[in-house]
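# Chains, contacts and geometry: an overview
The primary structure of each chain is shown beneath.
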Amino acid sequence: MKSILLIGMGQFGQILGGRLIDMGDEVMIVDKEEDVINSLAPKYTNAVITNCMNADNVKSLDIPSFDACVVTIADDFQSSLEITSILKDLGAKYVVSKANTEIQRKFLFRVGADEVIYPNRDVAEKLAVRLNAQKVYDYIELDATFSIFELAVPSKWIGKTIREANPRAVYDMNILTIKKDNKIMPSPTPDMVFEEGDKMVVFGNTEKIIAFTNNKKK
């Protein structure tokens, strides 16, 4: 269970907050709009109506006590920038801020954000990967070069062992887990045989894995 401070309860903040509560986290929500807080307060651990552009108001929230602080006020970038800076100055352990553009992302990092989320770009990039790859169920970009993918096991591997398919040597791809009938098999052995319907979670070079899914070896 984590203790999360969520500043800005627009659509994104509400979706994020609801999911955090579902996962059992303690979530304090903050927004300057009274109507917004009053409507959402019953769902959360704590709710505060305040303007976080005022450092004294933010200080009263006991910032160091939270495992993470999330700023989702991307429609008012000046506020997002200043609140991010205030949080870091007050000893926030980890600050996540939301950006709408690449230049916003860069400035948020400069004032101390530990992580910057860029939903429009992230969704667009994921969609581009899925459109350009066959049978990709999900993927997580780790950096500009490497990603983790959830893929369908190719038909040509059915009936073969991991050793026989040899994905590490042939495709520079490491298999992390295998999913069989929604059951996860972590750290599969080289002698495990692929079966129809299997899915695999793999790590490797993003472009090489996309090429692999399209039966193109790069």
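This text follows the structure it describes.
## Structural notes on the sheet that holds strand β1 (residues 3-7)
The pairing of strands in a sheet comes from backbone hydrogen bonds and takes either a parallel or an antiparallel form. With respect to topology, 6 strands assemble into an open sheet ordered β3-β2-β1-β4-β5-β6, the strand pairing being parallel. The sheet terminates laterally at β3 (46-49) and β6 (115-117), the two strands that pair on one side only. Adjacent strand axes in the sheet meet at a mean angle of 15° when their direction is disregarded. Pairing of β1 with strand β4 (residues 68-71), which is carried by 4 bridges, proceeds in the parallel orientation. Counterpart to L5 in the pairing with β4 is C69. Strand contacts of helix α5 (residues 102-110): β5 (95-98) and β6, with the helix running at about 160° to β6, the strand carrying the most contacts.

## Quick look at the packing of aromatic side chains
Inspection of every chain in the model, using the stated rule, returns 6 aromatic pairs. Between the aromatic rings of F146 and F203, the centroid separation amounts to 5.6 Å while the plane-to-plane angle is 20°, which identifies the pairing as stacked. Within this pair, whereas F146 is found in strand β8 (residues 146-152), its partner F203 is found in strand β11 (residues 199-205), the two being separated by 57 residues in sequence. Taking the relative accessible area as the measure of exposure, F146 reaches 33% and is therefore partly exposed. Among the aromatic side chains, those forming a connected cluster through ring pairs are W157, Y171, F194 and F212. Geometry around Y137 places K199 over its ring, the cationic atom sitting 4.1 Å from the centre.

## Here's the deal with helix α1 (residues 11-22)
The periodicity of an α-helix, 3.6 residues per turn, causes residues three or four places apart in sequence to face the same way. Taking 1.5 Å per residue as the helical rise, α1 with its 12 residues ought to reach 16 Å, and the 17 Å between its terminal C-alpha atoms agrees with that figure. Turning to α1, its buried residues are G13, G17 and L20. Down the axis, α1 shows its buried residues gathered within 60° of arc, on one side only. Of the residues in α1, the exposed ones pointing more than 90 degrees away from the buried face are Q11, I15, R19 and D22. For α1, the secondary structure elements touched by its buried residues are β1 and β2 (26-31). Immediately downstream of α1, the backbone of G24 shows phi near 90°, a positive value.

What counts and how
- Residues numbered from 1 in each chain as written.
- Predicted model: local features only at pLDDT ≥ 70, side-chain atom pairs only at ≥ 80, totals over all residues.
- Heavy atoms only, no water.
- Pairing = 2+ DSSP bridges.
- Helix = DSSP H or I, 4+ residues; strand = E, 2+ residues; numbered from the N terminus.
- Axes fitted to C-alpha atoms, helices over the stretch in contact; angles between N-to-C directions.
- Contact = heavy atoms within 4.5 Å.
- Phe/Tyr/Trp six-rings, centres within 6.5 Å; stacked < 30°, edge-to-face > 60°.
- Buried < 20%, exposed > 50% of the residue type's maximum accessible area, 1.4 Å probe, protein only.
- Lys NZ or Arg CZ within 6 Å of the ring centre and 35° of its normal.
- Expected span 1.5 Å × (residues − 1).
- Arc of directions from axis to C-beta.

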